[in-house]
Structure formats: structure tokens, C-alpha cells
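Descriptive analysis of the structure
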Amino acid sequence: MSAFDALMAFQRDTEALGQIAGRLGWDQETVMPRGAAAQRGEEMAAIDAVLHARRCDPRVGEWLEAASPPDAAGQAQLREIRRAFERATKVPAALSRRIAQVTSEAQGKWAAARADENVAAFLPVLEEVVALKREEGAALAAGGNVYDAMVQDYEPGTSGAAIGAIFDAMRPRLVALRAAVLERPAPAALKGAFDTSAQMRLARQLARVFGYDMNRGRLDKAVHPFSSGSGADVRITTRTSPTDPFNCLYSTIHETGHAGYEQAVDPAYALTPLGCGASMGVHESQSRIYENQIGRGRAFAGWLYGRMREAFGDFGIADADAFHATLNRVHAGFIRTEADEVQYNLHIMLRFDLERALMAGDLGTNDLEAAWNDRFAADFGQEVDRPSNGCLQDVHWSVGLFGYFPTYALGNVYAGCLYRALCAAVPDLDAQLERGDTSGATGWLRDNLQRHGRRYAPRETIERACGTAPSEGPLLDYLEAKFGALYGL
Ligand code: ZN
């Protein structure tokens, strides 16, 4: 057996074990008995140890040195295996263990501090997480920039400076758009009660309408919506609230974007490093374009309005135009996960600048709350009223996710580029969406982006689909046109 074949056979089992670990996580969030939590913790730790040992197995290094890939796809496989191997071997095992320990502890302390509105109770453990992550970042960077090294885990090939340049170009236009929109009268909010079984039935219909293959997936309820798995087993979750059907329906469309991407990857890449999405940012571009540019656009909203009237009867919104306005209602608020398209990226930029300063050592955790509140007042024109509405609202930093936040906004930037290219490629897109037919849109995304999986680097993946390098211009133009029309600016 050639070194390449031996490496790929070994990797295939590693990928399969990774899928199993992911399915344990899915089970934990959906149907696991409550009393199983402690045992599940041990089960997950055991499989994580197996995966870690395989990822830094010295034979992988030897195979990588000896392997000659048969083609360009094989070369891309080696690129991905090499990156994972180098990452796993650069960080000392004791440091990895310590990070796992401290972050699991920190998550509990963060939840308690958030419930008590007590930032001071969270700061000591956050300080420890930041110090450990900086140490890990330094090991990964090997003399280079610590934050850049962390970003590679989520968006390979980019840097803090490159992301910062995009965000700096976006911020003034978004701050101005937000202020202008909020000066105008707000459209009606949704009122009343919406049967949750009917919500789930409509959610299932929406997943199918967006091309989700239920034969290789399933939709369940969970506390937080997510998508999990690759290839022939990609599962999604959503949640229901009797007063907020949009949460259920649009979480479902969002997760269908993630899951549809995974289901569409070329089956030849299944259980290999190329058999999944290109990066967190590219993944988010798929969930966002399904959810926002397509799902919250006027054409599709007209179709959904009819389906909601069938499911819930008259719910007090007079016509499809009013429904479209309600669906895209912009309102002042503190919470990132509840933010609309106009404000969402501003939330991300705030976190990006603060976490970059934390990792560079330019901002201490003791000054984090003040820095957060100052920036929020500057961009959102509002004083943060309590920590759970401010720097304690997200779980990410407590679990050591630094470098992850910017991929949410990069996903929006990529979605803007893809939507521009999609509209040019499918001239009757809106006519299709008015009929509830998304196949032109999802088919274009599948053929031009999704099927490639991780074959190309993230930036190249977007560039190949759009024909141009990704930039913030198309997203900003789209937002200004859409909300300018909705709010009569
Ligand atoms: Zn997402």
C-alpha cells in the first residue's frame, strides 16, 4: 500500500470517529435522558482522547512526508491533514488538557455570573482562559501573530488585519444605516399565539422547500438550534415559542443552509477531510443567504405569508407587503442573537475588536466591561443597562472561542457576494421564489460552491463561485437598498 493510501485509510477511521463524537453531541442536546449527563461526559472524554491520539499519531507525520498525491484533490487532502497534524502537535498535551479543564469550569461560572448580573464573579476565570489561550496561540503562531494563529482554526488563510480592513470599511455605513432606519416609524410587530405543532409542521415543509434531504437527515427540537454531521447523516434542530413563530421558522431555514451545504458535498469526499464545509465563514454564508437574502426577501416572503395564513389563520397582518416589513423589522436591542440584518454585523465588530485586543495583551479583562459599554454606546447609541445585555451575553469567550466571532460577519459578507452572483446567473429568481421554488437558488449554490466541500481554501471557494474576490461592497449595497426601500429612506 502506498504511503498516500495508508494515510487516507487511517484518516478515514479518524473522520468516522469524529462523526461518532458529533452524534453523541447531537444526542446530548436532543433525546439523551437527563440522568445520563455524567456518564456521557466520560464517554465524550474517552472518544476525544482517541481522536487526539490519532491526530498526533507519529505515523501521520511519516506518511505525510512519504505520500505523493495522485491528483489535485489528493493534494488538497494532504493540505488539510497536514494542517490538523501540525496544529495537534504544536500545542503541548498538558496545555490542551488544562484548557479543556478550565474552559469547562469557566462555562459554568459564566452561566452563574450572567444569571446574577455579576461580572466580577466571572473575571478571575476569564483571566485564566485568556492567559491559557494566549499561551496556546503563541505555540501555534511560533513567533507570528497570536490572534492570526487562532483565526486559522475557523477561517484558514485569513488574518486579523485582513478581517479588520473589511470591518473598518463596513462600520460607518452600518452605523449610519442603523441610525436612519431607527428614526423612521417601525412596522407592526407580530402579535398573538401560534400553535407550536403547526410551527413544526411548517418548519419541516420549509426545510424540504430549501432542498434538505430528510432521507439523510432529521429535524428535532433543542434548546439552541444547530446543525450536526456530514455526508449521509446531517441533522438539524430548531425550537418553538408560541408567540414567536419566526424564531422557529427562520432558525430552521438557517440550519437548513448549513445542513444543505454538508449534504451537497461531492460524495467522493465522504469521510475525508474534504467532505465538509470549507470554513466557518463559508458555512455561515450558506445559512445566511438561505435565511436572509432568499428567506427574508420580498418574493419568498409573499409565498410564506400564504403558508402562514393556511397554518395559523388570520394573524393580524393585512397583506404580503406588510408581512415582509414585519419580517424585517429593525428594533433597538442589546442581544446579538436577536439582532436583525442591519445591526448584526455591528455586534460582531465590537466583539472582534475587543477579543483581538485581549489576545494582543492591549486590553485586560478588568477593563473589558467598560470597553464593551463604551463601544456599544458609540455604535448603538444606547447605554448597556446590565451585564447580561452586555459583555456576559455570549458563551464564546468562556469556552475559549477566540477568533470565531468574525466568521459570523464574514459569512454575511460572503453571502452578499454570492447573492449578487446568484441574481445575475438566475434572472427569474424572484419569479421562482414567489412560487416557493428555491431550486434555482439552492441548485446554483450547490453546483458552484457546496459540492466542492473543503477542496479549495475559503477565499478561493467564494471567488470560484462569484467570479470576483470577496469584498464588503455587495452586502452593504444590498442592505442599503433593502432597508432603504422598507423604511422609505
Ligand atoms: Zn449558523
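Here the residue numbers are simple positions, counted from 1 along each chain's written sequence. For a predicted model such as this one, the threshold for reporting local features is a pLDDT of at least 70, and the threshold for listing and counting side-chain atom pairs is 80 or more; totals across whole chains, interfaces and linings nevertheless cover every residue. With hydrogens and water excluded, all non-hydrogen atoms of the structure serve as input to the side-chain values.

**Points about the domain arrangement of the chain**
Per the domain assignment, the segments making up the chain are domain 1 (3-144) and domain 2 (160-487). Distance between the C-alpha centres of domain 1 and domain 2: 26 Å. Whether two residues touch is decided by their heavy atoms; if any such pair falls within 4.5 Å, the residues are in contact. Between domain 1 and domain 2, the contact holds 36 residues from the first and 42 residues from the second. Taking both sides of the interface into account, the surface hidden between domain 1 and domain 2 amounts to around 3,300 Å²; carbon and sulfur atoms contribute 63%. For any pair of parts, buried area is found by adding up, for both, the accessible area (1.4 Å probe) each one loses once the two are put together. When the buried surface of domain 1 facing domain 2 is broken down by residue, Trp-26, Glu-117 and Val-119 rank first, second and third, together holding 19% of it. The salt bridge definition used is simple: a Lys or Arg side-chain nitrogen within 4 Å of an Asp or Glu carboxyl oxygen. Seen at the junction of domain 1 and domain 2, the total is three salt bridges. Between Arg-386 and Glu-117 there is a salt bridge, and its shortest N-O distance comes to 3.5 Å. Nitrogen and oxygen atoms within 3.5 Å of one another constitute a polar contact, given that in protein one can donate a hydrogen and the other can accept it, and given that sequence-neighbouring residues count only through two side-chain atoms. On the surface where domain 1 and domain 2 come into contact, there are 14 residue pairs in polar contact (both at pLDDT 80 or more). All domain edges in this entry derive from an automatic or database-based domain assignment.

**Details of the pattern of salt bridges**
If you walk through the whole model with that rule in mind, you get 34 salt bridges. The partner of Asp-27 in a salt bridge is Arg-40, with the nearest N and O atoms 2.8 Å apart. Note that Asp-27 is positioned in helix H1 (residues 3-30) and Arg-40 in helix H2 (residues 37-55), a separation of 13 residues in sequence. Looking at Arg-40, the relative accessible area reads 11%, which means it is buried. Two residues, Glu-341 and Lys-482, come together in a salt bridge whose shortest N-O distance is 2.7 Å. Remark: Lys-482 occurs in helix H20 (residues 473-486) and Glu-341 occurs in helix H14 (residues 341-360); sequence separation between them is 141 residues. Strands here are runs of E lasting at least two residues and helices are runs of H or I lasting at least four, both read from the DSSP assignment and numbered beginning at the N terminus. Classification of residues uses two cut-offs on accessible area relative to the type maximum, computed with a 1.4 Å probe and protein chains only: under 20% is buried, over 50% is exposed, and between them is partly exposed.

**Notes on the packing of aromatic side chains**
Under the pairing criterion, centres of Phe, Tyr and Trp rings, with the six-membered ring standing for Trp, must be within 6.5 Å; the plane angle then separates stacked pairs below 30 degrees from edge-to-face pairs above 60, leaving the rest tilted. Summed over the entire model, instances satisfying the criterion amount to 23 aromatic pairs. Ring centres 5.1 Å apart and planes at 80° place the aromatic pair Phe-167 and Phe-352 in the edge-to-face group. Placement of the pair is Phe-167 in helix H8 (residues 160-183) and Phe-352 in helix H14, with a sequence separation of 185 residues. For the pair shown, Phe-167 and Phe-352 are each scored as buried. When the NZ atom of lysine or the CZ atom of arginine is within 6 Å of a ring's centre and also within 35 degrees of its normal, the charge is said to sit over that ring. Here the basic side chain of Arg-54 rests over the ring of Phe-10, its NZ or CZ set 4.0 Å away from the ring centre. One Lys or Arg, Arg-288, reaches over the ring of Tyr-344 and ends 4.3 Å from the middle of that ring.

**Brief notes about the coordination of the zinc ion**
Those donors, His-254 (NE2), His-258 (NE2) and Glu-284 (OE), are the protein atoms that reach the zinc ion, and they lie 2.1 to 2.3 Å from it. With water omitted from the atoms examined, metal sites may look incomplete; donors here are N, O and S atoms no farther than 2.8 Å from the metal, or 3.2 Å in the case of Na, K and Ca. All donors to the zinc ion come from one chain, and their sequence spacing reads H-x3-H-x25-E. Note that His-254 is positioned in helix H10 (residues 245-264) and Glu-284 in helix H11 (residues 280-294), a separation of 30 residues in sequence.

**So, the nonpolar core**
The set of buried Ala, Val, Leu, Ile, Met, Phe, Trp, Tyr and Cys residues whose side-chain atoms join them within 4.5 Å is what this entry labels a nonpolar core. Phe-167, Met-170, Ile-289, Leu-304, Met-308, Phe-323 and Leu-418 are the most contacted members of the largest nonpolar core, which has 121 residues in total. Considering each element in turn, this core owes the most residues, 12 residues, to helix H16 (residues 405-425). Residues in contact with Leu-418, not counting those within four places in the same chain, are Ser-285, Gln-286, Ile-289, Trp-444, Leu-445, Leu-449, Ile-462, Ala-465 and Cys-466. Counting residues in hydrophobic clusters, the runner-up holds 13 residues, among them Val-60, Leu-64, Ala-67 and Leu-78.

**Section: the pairing of strand S3 (residues 235-238)**
Both faces of S3 are covered, namely the face carrying Arg-235 and Thr-237 and the face carrying Ile-236 and Thr-238. Here strand S1 (residues 219-221) pairs with S3 via three bridges, running parallel. By the bridge assignment for S3, Lys-221 is matched with Thr-238. Of the strand pairs in this sheet, strand S2 (residues 227-228) and S3 are connected by two bridges, and their pairing is antiparallel. If you follow Ser-228 over to S3, its bridge partner there is Arg-235. For two strands to count as paired, DSSP must find a minimum of two bridges between them. Hairpin remark: S2 followed by S3, antiparallel, with six residues in the connecting loop; positive phi at Gly-229, about 105°.

**Looking at the side chain of Ser-287**
Following the sequence through the fold, Ser-287 ends up in helix H11. At a separation of 3.3 Å, a polar atom in the side chain of Ser-287 contacts the side chain of His-254. From its side chain, Ser-287 meets the backbone oxygen of Glu-284 in a polar contact 3.0 Å long. Apart from the residues lying within four places of it in its own chain, the contact partners of Ser-287 are His-254, Gly-257 and His-258.

**Observations regarding helix H15 (residues 368-380)**
Multiply 1.5 Å by the residue count of a helix minus one, and that product is the helix's expected span. Taking 1.5 Å of rise per residue, 13 residues should cover 18 Å, and H15 covers 18 Å from first to last C-alpha, within 8% of that figure. Those residues of H15 lying buried are Leu-368, Trp-372, Asn-373, Arg-375, Phe-376, Asp-379 and Phe-380. Elements in contact with the buried residues of H15: helix H6 (119-141), H8 and H14. Gly-381 occupies a position one or two residues after H15 and carries a positive phi of about 60°.

**Considerations on the packing of H16 against helix H18 (residues 439-448)**
Note on geometry: axes are C-alpha line fits, over the in-contact stretch for helices, and angles between N-to-C directions span 0 to 180 degrees. Between H16 and H18, the least distance of the axes is 10 Å, while the angle of their chain directions is 115°. For H16 against H18, the interelement crossing comes out right-handed. Seen from H16, the contacting residues are Leu-418, Ala-421, Leu-422 and Ala-425; seen from H18, they are Gly-440, Ala-441, Trp-444 and Leu-445. For the contact of H16 with H18, the per-class residue count stands at seven nonpolar, one polar and no charged. Handedness of a crossing follows from how the near helix is turned relative to the far one, being left-handed for an anticlockwise turn of less than a right angle and right-handed for a clockwise one. Residue polarity is assigned by list, with Asp, Glu, Lys and Arg as charged and Ala, Val, Leu, Ile, Met, Phe, Trp, Tyr, Cys and Pro as nonpolar; anything else, Gly included, falls into the polar class.

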